[in-house]
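Spelled out, the chains give:
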Amino acid sequence: MSLLIDGYNLLNAVGIISRGVGPGTLQRSRLALLNFLAASLEPGEISRTTVVFDAHDPPPGLPRVV
């Protein structure tokens, strides 16, 4: 089974992101979530998992795919 994860919704649902975040906070939160998922999922699940961090107005210069 493939997994599609809305990264920002998951970060909000678990309370990692709050109002008033400072510079670099979102990047650290995204990396923490990705590292957690990589450590928690089975190897076969990792290859079938897509995590999407979409934003209406993303910061300039971010890669479209990591």
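Residues numbered from 1 in each chain as written. Predicted model: local features only at pLDDT ≥ 70, side-chain atom pairs only at ≥ 80, totals over all residues. Heavy atoms only, no water.

Moving on, we get to the packing of aromatic side chains. In the structure shown here, the tally under the stated rule is one aromatic pair. Measuring from centroid to centroid gives 5.3 Å for Tyr8 and Phe53, while their planes differ by 70°, and the two rings are edge-to-face. Taken together, the residues Tyr8 in helix 1 (residues 7–13) and Phe53 in the segment after strand 2 (49–52) connect sequence positions 45 residues apart. The exposure class of Tyr8 is buried, given its relative accessible area of 18%. (Phe/Tyr/Trp six-rings, centres within 6.5 Å; stacked < 30°, edge-to-face > 60°. Helix = DSSP H or I, 4+ residues; strand = E, 2+ residues; numbered from the N terminus. Buried < 20%, exposed > 50% of the residue type's maximum accessible area, 1.4 Å probe, protein only.)

With that settled, consider the confidence of the model for the chain. In low-pLDDT regions, the fine details of the predicted coordinates are not to be read closely. The predicted model of the chain has a mean per-residue pLDDT of 83, with 88% of residues at 70 or higher. Mean pLDDT values over the elements of the chain span from 88, in helix 2 (residues 25–40), up to 95, in strand 1 (residues 3–6). (pLDDT = per-residue confidence, 0-100.)

This part takes up the nonpolar core. Listed in full, the seven residues of the largest apolar core are Ile5, Tyr8, Leu11, Ile17, Leu33, Leu37 and Leu41. Among residues more than four places away in sequence, those in contact with Leu33 are Gly7, Leu10, Leu11 and Phe53. (Core = buried A, V, L, I, M, F, W, Y, C linked by side-chain atoms within 4.5 Å. Contact = heavy atoms within 4.5 Å.)

Mapped onto the secondary structure, Arg30 falls in helix 2. Despite its burial, Arg30 pairs with no opposite charge, the nearest such side chain being Asp54 at 9.9 Å. If sequence neighbours within four positions are ignored, Arg30 has contacts with Tyr8, Leu11 and Phe53. (Lys, Arg positive; Asp, Glu negative; His and termini not counted. Salt bridge = Lys/Arg side-chain N within 4 Å of Asp/Glu carboxyl O.)

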